[in-house]
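Commentary on secondary and tertiary structure
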Amino acid sequence: MFAETDEIAVLGLEGEWDLVNSPQILEQGERLLAEEKHLILDLSHATFIDASVINVLSRLGTDASKKGRTVVLQLGTATIVERVIRICNTDRVLPRSHTRPEAIDTIRQVQRPAA
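1. Describing the overall build of the protein chain
Within the protein chain, the regular secondary structure consists of five helices and five strands. Along the protein chain, helices (α) and strands (β) appear in the sequence β-β-α-β-α-β-α-α-β-α when read from the amino end. The C-alpha radius of gyration computed for the protein chain amounts to 13 Å, which stays within 12% of the reference 13 Å derived for 115 residues, consistent with globular compactness. Scored against the burial criterion, the 115 residues of the protein chain give a buried share of 44%. By sequence separation, contacts in the protein chain at least 24 residues apart represent 75% of the contacts at least 6 residues apart.

Structure representation (C-alpha cells):
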C-alpha cells in the first residue's frame, strides 16, 4: 500500500487472497477511508481471490460512498481473478480500470461535481 496522491491511496493485492487474509484488506481499506482517502484497489498482481474478497471489495465500496469517497478496481490481472470479478458483477458496482493513470482519472471524474 502506498499513497498515489494526497487524496488517493493504493491498496495493492499480490498473490492469493481468501477468507484467511481478506480481513487485512478490510482493515487497511477502512483505515484509509477514515483518513478521507479515495482508494485504488490494485488487483493487477493478484493470482487468486475468493468470495470473501469480493465481499470485502463491495463493503469498502459501500463504506466509501457513505463518506463521499470513491473506490476503483485496477485490474489487468490473472484470468481467474478477472472472471470472479465479472461473475460476481463487482465490476458493475465498482468502477474498474486497467492502469493506474486510468484509475486516478476515474476517481477525478466521479468526484467532479456536475455542472
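2. Things to note about the environment of leucine 19
Structurally, the position occupied by leucine 19 is in the loop between β2 (8-17) and α1 (22-34). In this structure leucine 19 comes out as exposed when scored by relative accessible area, which is 64%. Considered as a pair, leucine 19 and aspartate 50 are 31 residues apart in the sequence and their alpha carbons are 7.4 Å apart. Excluding anything up to four places from it in sequence, leucine 19 contacts Asp50 and Ser52.

Thresholds applied
Residues numbered from 1 in each chain as written. Predicted model: local features only at pLDDT ≥ 70, side-chain atom pairs only at ≥ 80, totals over all residues. Heavy atoms only, no water. Helix = DSSP H or I, 4+ residues; strand = E, 2+ residues; numbered from the N terminus. Rg over C-alpha atoms; globule rule 2.2 N^0.38 Å. Buried < 20%, exposed > 50% of the residue type's maximum accessible area, 1.4 Å probe, protein only. Contact = heavy atoms within 4.5 Å.

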